[in-house]
Amino acid sequence: MVAMKPIRVGLVGAGPWAETAHAPMLAKSPDLEFAGVWARRPEAAAALGAPVYERVEELFDACDAVCFCVPPGVQAELAVKAARAGKALLLEKPLADSLEAAERVAAAVAEAGVPSQMILTMRYGRSTRDFLDRCAAIRPFGGHALAVSDVITADGHPFGTPWRLRRGALLDLGPHVVDLLDAALGRVVSVRAHGDPLGWVGLLLEHEGGAVSEASISMAATGDEVPWRVAVFGREGTAELGPAVPDDDPLGVVAAEFARTVRDGGGHPLDAAHGLRLQRIIAEAESQVTSP
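Residues numbered from 1 in each chain as written. Predicted model: local features only at pLDDT ≥ 70, side-chain atom pairs only at ≥ 80, totals over all residues. Heavy atoms only, no water.

Visitor: Help me understand the sheet that holds strand 1 (residues 7-12), please; the structure alone is not making it clear to me.
Guide: Across the sheet, five strands lie side by side as 2-1-3-4-5; this open sheet has parallel pairing. The open sheet has two edge strands, strand 2 (32-38) and strand 5 (116-119), and neither has a second partner. Going across the sheet, the axis of each strand differs from the next one's by a mean of 20°, ignoring polarity. Bridge count between strand 1 and strand 2: six bridges; the pairing is parallel. Across the sheet, residue arginine 8 finds its bridge partner in strand 2, namely glutamate 33. Relative to strand 5, helix 10 (residues 250-264) is tilted by about 170°, and along the sheet it contacts strand 1, strand 2, strand 3 (65-68), strand 4 (88-92) and strand 5. (Pairing = 2+ DSSP bridges. Helix = DSSP H or I, 4+ residues; strand = E, 2+ residues; numbered from the N terminus. Axes fitted to C-alpha atoms, helices over the stretch in contact; angles between N-to-C directions. Contact = heavy atoms within 4.5 Å.)

Visitor: Sorry, what's going on with the packing of helix 5 (residues 99-112) against helix 11 (residues 272-289) here?
Guide: In a packed pair of helices, the relevant descriptors are the angle between the two axes and the axis-to-axis distance. For the pair helix 5 and helix 11, the least separation of the axes is 9 Å and the interaxial angle reads 165°. Of the possible angle classes, the one that applies to helix 5 and helix 11 is roughly antiparallel. As helix 5 runs across helix 11, the sense of the crossing is left-handed. Counting all contacts with helix 5, which are made through Leu99, Ala102, Glu103, Ala106 and Val109, the residues of helix 11 involved are Ala272, Leu276, Gln279, Arg280 and Ala283. When its residues are assigned to classes, the contact of helix 5 with helix 11 shows seven nonpolar, one polar and two charged. (Parallel < 35°, antiparallel > 145°, perpendicular 65-115°, else oblique. Left-handed = near helix turned anticlockwise from the far one by under 90°. Nonpolar A, V, L, I, M, F, W, Y, C, P; charged D, E, K, R; others polar.)

Visitor: I would appreciate a short explanation of helix 9 (residues 174-185) in the present structure.
Guide: An α-helical turn contains 3.6 residues, so any two residues separated by three or four positions project in the same direction. The end-to-end C-alpha separation of helix 9 is 16 Å, in line with the 16 Å expected for twelve residues at 1.5 Å each. The buried count for helix 9 comes to eleven of twelve residues, which makes it a mostly enclosed element. (Expected span 1.5 Å × (residues − 1). Buried < 20%, exposed > 50% of the residue type's maximum accessible area, 1.4 Å probe, protein only.)

Visitor: For this particular structure, what's the right way to read the packing of aromatic side chains?
Guide: Aromatic ring pairs are described here by two measures, namely the spacing of the ring centres and the angle between the planes. The full count for this structure, using the stated rule, is one aromatic pair. Between the aromatic rings of tryptophan 17 and phenylalanine 159, the centroid separation amounts to 5.7 Å while the plane-to-plane angle is 85°, which identifies the pairing as edge-to-face. Residue tryptophan 17 is found in helix 1 (residues 16-28), and its partner phenylalanine 159 is found in the loop between strand 6 (140-148) and helix 7 (162-167); the two are separated by 142 residues along the sequence. When its relative accessible area of 30% is taken as the criterion, tryptophan 17 is described as partly exposed. (Phe/Tyr/Trp six-rings, centres within 6.5 Å; stacked < 30°, edge-to-face > 60°.)

So far we have only geometry, and geometry alone does not tell us how the molecule works.
Written as structure tokens, this is what we have:
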């Protein structure tokens, strides 16, 4: 059997998460070739172990696909350019910093016909996939989720970036939570929200088929423990998801599935269209808890 040629992937961004997650994922994957980096801070890009490009367009020319690890507003702008350049997209959540920008990204992907995939990290872990298999078997009718961090309150938190400090938990943690409940209980068809994105937010979600769920989200916690729990209740049992198990390798799965997505020309369930659907739900929730 002839070995498949690795997919050449360029990385946009060189912040803490790119250094911790994206660059090692691209470097370790046997299915991907880490083709280069573009970032607004060339010195940070140079530390990631791949060629550094001065212009993002030069990075696009050197790769088959682009992986993004930049603020959502920057991702929205550059993802449109990459799609129009014919590049497959490996996108972070949220898709964009606004619903209008997310719509532009999804439209550019559709118009160019390029493959896309979202890094909703938890969805690629073995423990999460076992949980979702269990949910499918118990005829679920309801559930709840708790997602809490200290990003806003911790001094010098590496992920205390301007967009997170300004927009809060809904835009950052919200896509993860809504995506998990959507996968476990059926497509979300409506959302009601209360609270403060910079404090505590509560969501009430209604799902296709009649299931309902609640979620509590905050990035203003203090203390050592950072809880994350999802529980689903069905007519034939219950299913629970806690922190990832130590031997989970979600980013390794991301890389393998992205290579397959690119080779297949698309078709991943967590694509830009899915990211847009999540953005619509989050935008509706934000409209209920923030002033115009």
